[in-house]
Structures are given as structure tokens and as C-alpha cells.
Amino acid sequence: MPEKCEYGLLIDYEYCTGCYACQVACAQEYGWPAGTGGIRVIEVVQKLPHDKAYLTYLPFPTEQCILCAPRTRKGLEPACVQHCLASCMKYGPIDELVKEMHRKPRMVLWVPRA
Amino acid sequence: MKGERRIVRTTTWSAGPGCHGGCGVLAHIEDGKLVKIEGDPEHPWNQGRLCSRCLAMTQYVNHPDRLTRPLKRVGERGEGKWQEISWDEAFDLIETRMKQIREEFGPESVIFSMGTGRDIGPWICMLAYAYGSPNVMFALSGLACYSPRMSAVDTVQGDYCVFDAAQWLPERYDSPRYEVPKCMVIWGYNIPASCPDNLFGHWIIDLMKRGTEIIAIDPRLSWFASRAKKWLQLRPGTDGALAMGFLNVIINEGLYDKGFVEQWTNATHLLRGDTGKLLRESDLIENGSPGNFVVWDTAKQAPVVWDSGNVEYRSSDTGPALEGEYEVRLANGDKIPVQTVWSAFRQQVNQYPLERVSQITWVPKEDIAEAARFYANSKPAAIHWGVPIDMTPAITPTVQAIVSLWCITGNLDVPGGNVISRFAFDVVAYALPGSKGVIKLASKEADQKRIGIDRYGPLNKFIWRAQTDLVLEQIFTGKPYPIRGMWIQAASPVVGLGLDPKKWVEALKKLDFVVVADLFMNPTTQLADVVLPSATFLEKDGIRSWWVPLQSINKAISVPECKPDVEINFELAKRFDPDFHWKDIYELYDEIIKPSGMTFRELQSKGWAIPLEGHPSAPYHRFQKGLLRPDKKPGFQTPSGKVELYSTLREEWGLEPMPHHEEPPFTPVSQPELYKKYPLILSTGRRSPVFFHAEHRNIPWLREIDPDPVLEIHPDTARSLNIGNGEWVWVENWLGRCQLKAKVTLEVPKWMVMAAHGWWFPEKPGEEPSLFGVWESNINQLIPMGCQGKDGLGAPIKHLLCRVYKVNGREETEDA
């Protein structure tokens, strides 16, 4: 039976600076030992023509992400979303986040296992 | 009640996240222990956000290796043999030993050594001054960080300033008084590590989302460079030349604000053709003041005196010439040619045609021109620089050039520009560039023994610290007086701050008595006689006064036997100084924040406070409104009352008065022979988002993210040296070598490598020779002491030379 997916995480990766606040916020929230957690930040250095390159960071929710259900039930943002220094993460119903994606490029929508 | 959770609202500053602080946080406390920390969504500074280092506070506060008892050395220095003692025993021991030194050699024989600013400056000054020593030292060569920066900016415009992200306005970006900068020049600064001194780094991201476009000046492909409208990939250490190139374009293409230049700078003041120096009233008229200057009145075709003290012309209808050469008769009857500062400034700038600037900086001239035009045509525009500008011996002339840029484009103290930053409500705890503070030395005479004061102008005018390179030298020479002891607090000269760190170890071993206050054992504590366990920001009541807002730090927890730095120093200050008059720290806090009209308890109940418009510490346009000078007249707090494109102070110090480029001491240009042997530019100190300098290597959540000391190297360079990603390499130059782990990446150019700084390994043995493995990867072993600039400031930290080769036979770690 497919699980029903309602909520997701929208990442505006144009503005993710690779500060890793999301990763440590998650570790603190759930007491994850170092080396595991609900979200990981990936660094991508894209090689472009003419000796150019573009540096991107991308937070990626892991198999352990539960979209902070205990927090969102209390009306709080997920730990990663609240603390993101670049305010580039958004939590919400998938449909609403999809609409957001029309606003600007360099966005990715994650729908974690949750 | 057991299991009950309470939440304490407080402000970060230093120990813990380690940084320059300012974030509002909510500390969740259960049974007296910290169980969680979050950003305070109601705080205007960080608006709920919080960095990785602060989010890891539970691992920091409750760390099993935290120092919790004072320790007394029982073996040889460095042997790692310690005995736990009580605080009373520790205070008695320190009091006895330090009083012995004071009696025998004088109070100046003890150096009080601190790390970067933060919540340590006032309290280490308080202790040093109570003891009677003027020698408070920021332990980095050439003090190459914030105080030279402030001093250099003050030299030009009399007050410091920072970029405007509406931090002075409680409603921030939404305030109708605010304007988002159209352009921001990010000069040698990398965002992921978050917060430059006393600002929240990600404010710049907030601005970018609101339309600010970026000019990135950086040899690295930084995050900003990657997203910039213009990226200028300059050769490290050539920032001065680049800024002169900007000025060249802006002035010669007429893109400057002529009204500002004429009215608010000393562009119209006259320079003598015979000496090249400022023409002063005393040159023209017998008994004239040497503090007054002279302009050429175009209507009268005669010189008119500018009265600096009254910030006005002697004749009210003066129309000063901006450019030109004239002739004046001196008091002694001689006739001499004169020209305006603006004419001389233009000649200076014209020595930097873009061909030459491009040759020096390695940046294509079209890119420089386009960037300069974009900056000048954007209104408002702001500039923010990182420490690469401070970490060069020619810091002051470089800063003069950059400050001239924002001044002549009319971006000074305007919404969205570079805004004058003063301590909120003029609450100043201790002597800093531009301010005196509540905590001061008992007498001017005591200050005369401060090391460097007689040699370097800025140390006599702006910076109330000992000159670090001279201190190190004096420890070995004993001249002009012996150095016998050192108090080290919130600093690690063996790891983070100390260049040529083996020399610092040798120096520490020469001293009779060394005290280190810290939170964890580290390579520097190993060389102490007494180690004192300090506290994190969560364990203290305090105040944070650094620009805006004025904030209280509110004690949330206690960790048994750990003491906040302020309390350690307060107790000893009482013992050292019979005239120390404060009853407790709260009385001291009340006195410091008195200009705000609040008591400490009142401030605590508010948490933070921002000064209102009309106060000298609140923007904008203060030089027009007469809010900067003590006499309330429009103008600036400089010797002439104007922005000084030609610096009166530098002239008086016997240094070049106008901005220029100086080639740093160890570059391919200044050392062509060394460059043959060491063919890569070595730059150091790229920031990690999870460490504050030498801190946090022992915090599991953070170390996991940045586990190894990294050397960034370009793929082509790595290939030519047969180096693979993740391989350990030697980085070597004529001073030493260390091992780093290659990160093969396009983030650096082919001709440069970037080495991480501040590395030691808390998991390795603490005793000598290991000292927590500090000699394995400490890149400071490749950087010399004693290369400070002509004014005693700056050091070559970002531009050295090296070669890189594989480490043979090193056991690879699993993830290599």
C-alpha cells in the first residue's frame, strides 16, 4: 500500500550557504549521535564552461526525517526550518509548496518518508 | 520539581558558540541542566535562527572533558601533571605569585593576553589595570583583526562604520526609514561561517533576497563569488591596488558625489608644494594654529583658514577651490606653490591606471571597470570586508582606499550604505578605538610603559593594547624591561592566534608564572602553572554592548566549580587593587550601562534595547545633524573635522598620508627567488561553519561535519602533483611544514592553496611532545611573526608561499 504524502520540505538552494544549522538542529532535537540524523547537507561544485564554477549546498532529508511531527503538531516549525540561517527551507502541505515553486528557479521539493 | 522545564531567554557571546554573539536564544533547562537551545523568534537580530555551534551547546556545556576544577601544575611545564585545587587555593596562589612579580619587576612585567574581542575584553582589561599593567595583548601578530580595522577607518572618518542591514531599526527591513542596498561589495569574506565581527552574516542573504546584487572580491570561489553579478578573483594581498583601481574609474569617469567631496572631505585643503605636507594656519600667520588648515577661495583668489576646532571657515562666504595649483605667501615671507588635496588625491589615483592594477591584481581590467561602475552607479551601495583586508601589513593604506570609496560615492551614513556604528547609547565598557570606556588604567603615566606605544602612532591614538610582535621579542630580550608572567584568557597562542607557534611555546617556558583560563585543556593550557575553569555564556549574567542592540546576558545554568571570566577577574582585581571600588559585578554593570538610563536589572527585564533616532548612536545622516562631534557641530571627529582623503594623523606619524598599494612581503612579486622553490600561493584561515577558530574540535556533532584539517587545492594542480582527493599532503615553506588533507576542488585557483587554521586534536595526548598533536597540522608554523606594517598593524596571514607534496607512509584514515 502506498503511503499517503501530505507534507514536504521546500528548499531554495540558491540561498543555502552550507551553514549546517539544519543538520545540528536535527541532531539536537532527536539526540542523534554524530554521524547520523534526519538531514544531511551536500556540497556540489558544478563545473561550468570558460573556467567557471557554481557552488551549491543542498540539505537532503534522510530516511530518519519525520518532518518533525512532534513539533509541527504543537504549531512549531521543524527544527531545521526554524534555525536555517539563510531561511531557505519551508515546511508545508505539498500542494502549497508546489505553488511556491513557480515563484523562482533553483528550488527543490522533498517529500521525505516521514 | 523534577522534570520541570523552564526556558531562559538570553544573548550569546563567546564561550559556547565562541563567536562575537548577539543572537537571542531560548535555553531549555530541566533539573538545572541544559537540555535544548533554540533561536529566539522574537529577537530582531537573528529572528529565531541559530548556527550549528550554538545548536550544539548541550554537547559543549555537558562535555565530559570540561574543566571543572582549578588545576595546579605539579610536573615540568608541558609534562601534563596536574593537581586539582580549590578556587580559594588558586586565587591565593595567583595573588601571591603575581604580587611577587609586581614588587620585583613592576606591574608591566605581566602580559594579559586575550583572543579575539568578545566577552573578554572588558574583564581582562579590568584585571590588568587593577594589577597595574598597561600590557593587554591581542595575541595575533600586528593585532591583524578588528582593532586595526577600526583604527584605520577612524583615521579617515573619525568613526567606524558597517554595512546597513537595518540592524538599528527594531522593525528591521520593513522600516520605512530603511532602503535595501542595490549593490554590496563583499570583499574577502565567506558567508557559511556566518558572523563577521558583531554582525549576523546571513543578513546579507536577507538583503540578496530583497534585491541586493553582489560584487565579490575573493581569490576563492566563495559562496558569494558563485552568485555575484561581478566576481573579481584577485591575487591575495593586492586589495589596495584593486581599491585604487576602483577609485581611478570612479573619479576619472566622474561617478563620484561632488557635493559630498567638496563639503565633507578635506579635498579642498591645500598641500604645500615644497614639503608635500598640509598647509597649516601656523605656516601662514605667526601664532596661527597648526591644527587649522587652509583653502583657496576662488572669488577672493586668496587663502582662507579652515578653523578645525569650530569646523568653519574664518570667512563665512568662502568658496573653496576643489582643484588647482596656487601660490601663497608664508609667515616668513617665502612664496610657495600649493595645490588642493583633491588634485594630489587625483594624481595618487592616476598612478593606478587599470593596466597596472590588472598586472598587480591578476584581475582583467574590464572586470575592474565594470565592477567599479556598478558600485558607483548603485544607490545606495555598501561595502563589507573580511579579515583579508586586516591581515596584511599595509592594512591602513588599503582601508583608506576602501573608506574613500564609500565616502566619495555618498554612501556614508545613508540608509542601505555604510553606516556609522557606535556602541548603543554610548555604553562603552572598556577602551576601544574611538572610545574610552568605564574600565581604564589608573593613570596616563602607567600607560607609558605599554609595549609599542612609543613606536607606533595608532597605538597612541586609537588602540590601547600592547604590540604583539614586540611583546614576543621582549620576552626574549628583556629590553627595555623584563617580561616575567602571562595571564592568558579566551586565547590559545599555541594554536589559533600565535604565528610561529613554536616560538610562543619557547616564550611561555621562559616566564616565571603563567595562568590560563579556559573551558577545556588545550595545547596552551599545557604550558600553564595554573589552569582555571571558565564558564559558557549560559552560566553568567552579563552585558553585551557592541553596536546595537544593547543586550543583557542572563544566567540560565550553573556548572559546578566553573566560573565566568568576569567573576574570576573581579575577585582577583579586588585583591590586586586596594582602590577597586565596585562592590560586585552588578554594581559594575550598572555603571557601565548608565548612559542608557537603565540599571542592569532593568535591561535584563527588557533583554535588549535599541537607541532611538536623534541619539548619536542611531542613524542616519549624523555628520549633517551634528550628532558625531562632542561640540554638536556638523562634521566628523577627525583632526580637520572632515573626512580625510589626505590623513593628518598619518602625516604626523611620518607615514604616507594617502591610500596606496604595498606589495606584501612574501608573494610571487616580492620574492621571485623564493617563488621558484615554493611555487604556490599559500592562503590560510578559510572559515569553517562549525568551528570558531581553534574551538569545537571536541564537539562530536560539529567535528563530524569538518573532521580533518583541509588544504583546498585545484584539480589541475593536484593532478600535476599526483595528489588525489582526501590524501594527506605536506605543506611546506622556509619556516616549517605541516600535514593537511587535500580537498581537490574548483573553489581555489590553480595558483593558490587554502589551508584551514586552528587545528589541534583533542583526542591525542596532551603532554609534550604531542601537545594534542598541535605540530601535525598547525598551519601557523608556516607564518612568521614580526612582519607587521609600518604602523605596527597587520600581518601577512593570507599571502605566503609554499610547496605541496604527498605524505609517504601515513596511515590513511578510513574515510580517506
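Residues numbered from 1 in each chain as written. Chains lettered and ligands numbered in written order. Predicted model: local features only at pLDDT ≥ 70, side-chain atom pairs only at ≥ 80, totals over all residues.

## Brief notes about the overall build of chain A
Here is step 1: Secondary structure assignment for chain A yields four helices and five strands.
Here is step 2: For chain A, the sequential pattern of α-helices and β-strands runs β-α-β-β-α-α-β-α-β.
Here is step 3: For 114 residues, the compact-globule estimate of 2.2 N^0.38 gives 13 Å, and chain A sits close to it at 15 Å.
Here is step 4: Each principal axis of the C-alpha distribution contributes one length, and for chain A these read about 50 × 35 × 30 Å.
Here is step 5: The burial tally for chain A puts 38% of its 114 residues in the buried class.
Here is step 6: Sequence separation of 24 or more characterises 61% of the internal contacts of chain A that already satisfy a separation of 6 or more. (Helix = DSSP H or I, 4+ residues; strand = E, 2+ residues; numbered from the N terminus. Rg over C-alpha atoms; globule rule 2.2 N^0.38 Å. Buried ≥ 20, exposed ≤ 12 C-beta atoms within 10 Å, placed from the backbone. Contact = placed C-beta atoms within 7 Å.)

## Looking at the packing of helix α12 (residues 354–361) of chain B against helix α13 (residues 365–377) of chain B
Residue and element names in this part refer to chain B.
Here is step 1: At a minimum axis distance of 9 Å, the contact between α12 and α13 shows a crossing angle of 110°. Judged on the interaxial angle alone, α13 and α12 are roughly perpendicular. The handedness of the crossing between α12 and α13 is right-handed. Where α12 abuts α13, its residues L354, E355, V357 and S358 lie against K365, I368 and A369.
Here is step 2: Residues belonging to the contact of α12 with α13 are distributed by class as follows: four nonpolar, one polar and two charged. (Axes fitted to C-alpha atoms, helices over the stretch in contact; angles between N-to-C directions. Parallel < 35°, antiparallel > 145°, perpendicular 65-115°, else oblique. Left-handed = near helix turned anticlockwise from the far one by under 90°. Nonpolar A, V, L, I, M, F, W, Y, C, P; charged D, E, K, R; others polar.)

## Here we look at the pairing of strand β9 (residues 183–187) of chain B
Residues and elements named next belong to chain B.
Here is step 1: Across the five residues of β9, five count as buried, placing the element largely inside the fold.
Here is step 2: With burial as the criterion, each face of β9 is covered, one bearing C183, V185 and W187 and the other bearing M184 and I186.
Here is step 3: Alignment of β9 against strand β10 (residues 213–217), held across five bridges, turns out to be parallel. Each residue of the ladder has a partner; that of W187, found in β10, is I217. (Pairing = 2+ DSSP bridges.)

## Some remarks on the pairing of strand β26 (residues 680–684) of chain B
Residue and element names in this part refer to chain B.
Here is step 1: Most of β26 sits inside the fold, with five of its five residues counted as buried.
Here is step 2: Here three bridges tie β26 to strand β31 (residues 800–806), and the two strands are oriented antiparallel to one another. Bridge pairing in β31 links L682 to L800.
Here is step 3: Note: β26 against strand β30 (residues 752–755), four bridges, orientation parallel. Note that in β30 the partner of L682 across the bridge is V753.

## Re the confidence of the model for chain B
Residue and element names in this part refer to chain B.
Here is step 1: Chain-level statistics for chain B give a pLDDT mean of 96 and a share of 98% at 70 or above.
Here is step 2: Confidence drops under a pLDDT of 50 for residues 812–816, and excluding neighbours within four residues, the segment shows two contacts in the predicted structure.
Here is step 3: Our summary of model confidence lists the complex with pTM equal to 0.97 and ipTM equal to 0.98. (pLDDT = per-residue confidence, 0-100.)

## Remarks on the packing of helix α8 (residues 239–252) of chain B against α12 of chain B
Residues and elements named next belong to chain B.
Here is step 1: In contact at an axis separation of 9 Å, α8 and α12 are set at 160° when each is read in the N-to-C sense. Put simply, α8 runs roughly antiparallel to α12. Every pair of crossing elements has a handedness; the one defined by α8 and α12 is left-handed. Residues A241, L242, M244, G245 and N248 of α8 pack against L354, V357, I360 and T361 of α12.

## Describing the sheet that holds strand β1 (residues 5–11) of chain B
All names here are of chain B.
Here is step 1: Strand order in the open sheet formed by three strands is β1-β2-β3, with antiparallel pairing between adjacent strands. Strand pairing shows two members of the sheet lacking a second neighbour, β1 and β3 (33–39), which therefore form its edges. Taking each pair of neighbouring strands and ignoring which way they run, the sheet shows an average axis angle of 25°.
Here is step 2: With six bridges joining them, strand β2 (residues 24–30) and β3 adopt antiparallel strand pairing.

## Some points on unusual backbone geometry
Residues and elements named next belong to chain B.
Here is step 1: In this model, K379 is joined to P380 through a cis peptide bond whose omega is -5°.
Here is step 2: Mapped onto the fold, P380 is located in the loop between α13 and β18 (381–385).
Here is step 3: One non-glycine residue with positive phi stands out, namely N287, at about 65°.
Here is step 4: Given 7 C-beta atoms within 10 Å, N287 falls into the exposed group.
Here is step 5: At D500, a position not held by glycine, the phi torsion is positive, near 50°.
Here is step 6: If you trace the backbone, D500 turns up in the loop between β20 (485–489) and α18 (501–510).

## Looking at the sheet that holds strand β14 (residues 302–307) of chain B
Residue and element names in this part refer to chain B.
Here is step 1: Strands sit in the order β13-β14-β15 across an open sheet of three strands; the sheet is antiparallel. Each edge of the open sheet is held by one strand with a lone partner, namely β13 (293–297) and β15 (312–313).
Here is step 2: Note that β13 and β14 share five bridges and pair antiparallel. In the sheet register, V295 faces β14, and the bridge partner there is V304.

## Focus on α8 of chain B
Residues and elements named next belong to chain B.
Here is step 1: Its 14 residues place the ends of α8 20 Å apart at the C-alpha level, agreeing with the 20 Å of an ideal helix rising 1.5 Å per residue.
Here is step 2: Most of α8 sits out of view: 13 of its 14 residues are buried.
Here is step 3: Trailing α8 by a residue or two, G254 shows a phi angle of about 65°, which is positive. (Expected span 1.5 Å × (residues − 1).)

## Comments concerning the interface of chain A and chain B
Here is step 1: Contact residues are listed per partner, giving 24 residues for chain A and 28 residues for chain B.
Here is step 2: At the level of secondary structure, the elements contributing two or more residues to the side of chain A that touches chain B comprise α1 (21–30), β2 (39–48), β3 (52–61) and α3 (79–83) of chain A.
Here is step 3: Sort the elements by how many residues they give to the side of chain A that touches chain B and α1 of chain A lands first, with six residues.
Here is step 4: Of the residues in the side of chain A that touches chain B, the class split is 15 nonpolar, eight polar and one charged.

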